[in-house]
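# Summary of structural features
The residues making up each chain are set out below.
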Amino acid sequence: MLLELAGTKKVLFIGGKGGVGKTSVASALAVHQARAGKRVLVVSTDPAHNLGHLWGRRVGDKVVSLAPGVSGLEIDPARTTDEHLAAVGHTMRRLMPEHLSGEVAKHLELARDAPGTHEAAILERIADVLETTLGDHDLVVFDTAPSGHTARLMSLPETMSAWTEGLLRRQDRSERFGAALRGLDDGPERGVMGGSRRRDPRAERDHEIRRVLLRRRTRFERLREVISDETRTAFVIVLAAERLPVLETIELHGQLTRAGVRVGGLVVNKRSPADAGHFLAERRTQEDVHLATVRDALPKVPLIELPLLSGDVVGLGGLEKFAAEILRADNQRP
Ligand SMILES: Nc1ncnc2c1ncn2[C@@H]1O[C@H](COP(=O)(O)OP(=O)(O)OP(=O)(O)O)[C@@H](O)[C@H]1O
Ligand SMILES: [Mg+2]
């Protein structure tokens, strides 16, 4: 199931609660697909990145090679926000009177910490990564942040599109209003100089705002298309067979479904062995109860179980072993 998804989709999102094994699953899938000759990119969208820790090397906001056929990238929302605000500042300073430049700086400083700025920056960067890397890679795997955040992110393109749409409509109205006013202001002189007047700075500013908004809307619409396209994209939820991860998984599944994102599979990771002593056997019995809850709640979503390993998943060797476990679990599925 999991390897089939990785083999047939172009984009995978791996989500789930903290510490369940999202980064390990994302990287192991990449390693497995790269072995099959694919070019795979793993992108961490969690501000608390751990892709670098797992691979034992520094990964930053630039694509780096992790293994033959596997590259990695850790999105840096602060950098994206800085770049975005710098671009907005440049445009605003160019179009506003000189004496307001202090006001512009103050406004941008406030915008940096405004609610939503960070999320919008991550989303914009995801859209950007998809636009720029899908051409060079056969598969892009997004290793996402723990649950709540990701579900919101998935429904954000819609919200952002609607919001931009509203701004554009408002801008349309004010542009028409402005044009009418200018028509009244300039009326008597119009045409006197043979039509060679300088371009109106207000019209230029309106035009620029419109251009920026339209570019953003197109970008979010494209992202929305990719996220909700079942033929290209799947979302995989990783969980532990414990009470809270199970409840959160059911909730996340509901949120994603409402946002138009299909959950392609569930990975129940770190299953305790039945034959390694009384303590672990008892844990396993307890896990079985939680597993039954997920199966009852989400009977149609394919599910695999991965065993608890005796050691951590680290480096290429560790990931290859983990990928072998995924292959075994996939083959065992009825
Ligand atoms: N099946 C497994 N058996 C043993 N250890 C595992 C297994 N899967 C993952 N781990 C270990 O569990 C820890 C958490 O894994 P990982 O970093 O992949 O989780 P995560 O969901 O990405 O966490 P975070 O939410 O913090 O990003 C790591 O130390 C990893 O090596
Ligand atoms: Mg992680």
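Residues numbered from 1 in each chain as written. Chains lettered and ligands numbered in written order. Predicted model: local features only at pLDDT ≥ 70, side-chain atom pairs only at ≥ 80, totals over all residues. Heavy atoms only, no water.

## Here's the deal with the coordination of the magnesium ion (ligand 2)
Bound to the magnesium ion (ligand 2) are the protein donor atoms T23 (OG1) and N50 (OD1), situated 2.0 to 2.4 Å from the metal. Pair noted here: T23 is in helix 2 (residues 22-35) and N50 is in the loop between strand 2 (40-44) and helix 3 (51-55), with a separation of 27 residues, a long-range link. With a relative accessible area of 8%, T23 lands in the buried category. Look at N50 and you get partly exposed, because its relative accessible area is 35%. (Donors = N, O, S within 2.8 Å, 3.2 Å for Na, K, Ca; no water. Helix = DSSP H or I, 4+ residues; strand = E, 2+ residues; numbered from the N terminus. Buried < 20%, exposed > 50% of the residue type's maximum accessible area, 1.4 Å probe, protein only.)

## Describing the packing of helix 2 against helix 11 (residues 315-332)
Where helix 2 contacts helix 11, the axes come no closer than 8 Å and their chain directions differ by 85 degrees. Judged by the inter-axis angle, helix 2 sits roughly perpendicular to helix 11. Contacts between helix 2 and helix 11 involve S24, V25, S27, A28, L29, V31, H32 and R35 from the former and L316, L319, E320, F322, A323, I326 and L327 from the latter. Residue composition of the contact of helix 2 with helix 11, grouped by class: 10 nonpolar, three polar and two charged. (Axes fitted to C-alpha atoms, helices over the stretch in contact; angles between N-to-C directions. Parallel < 35°, antiparallel > 145°, perpendicular 65-115°, else oblique. Contact = heavy atoms within 4.5 Å. Nonpolar A, V, L, I, M, F, W, Y, C, P; charged D, E, K, R; others polar.)

## Observations concerning the site of ligand 1
Lining the immediate environment of ligand 1, one finds 19 residues, of which K22, T23, S24, L309 and V313 sit closest. Residue K22 places a side-chain N or O atom 2.7 Å away from an oxygen atom belonging to ligand 1. In this structure, an oxygen atom belonging to ligand 1 sits 3.4 Å away from a side-chain N or O atom of D312. Burial of ligand 1 by the protein chains amounts to 82% of its free accessible area of 630 Å². Judged by the proximity of its atoms to the pocket grid, ligand 1 belongs to the second largest pocket. Where the shell around ligand 1 is concerned, the elements lending two or more residues are helix 2 and strand 7 (263-271). If you tally residues by element for the shell around ligand 1, the top one is helix 2, at three residues. Tallied by class, the residues present in the shell around ligand 1 amount to seven nonpolar, eight polar and four charged. (Near = heavy atom within 4 Å. Polar contact = N/O pair within 3.5 Å; in protein donor to acceptor, adjacent residues only side chain to side chain. Areas by Shrake-Rupley, 256 points an atom, 1.4 Å probe, with all protein chains shown as cover. 1 Å grid on protein atoms, 1.4 Å probe; cavity = no way out; pocket = protein on both sides within 12 Å on 5 of 7 lines; lining within 4 Å. Sits in = over half its atoms within 2 Å of the grid points.)

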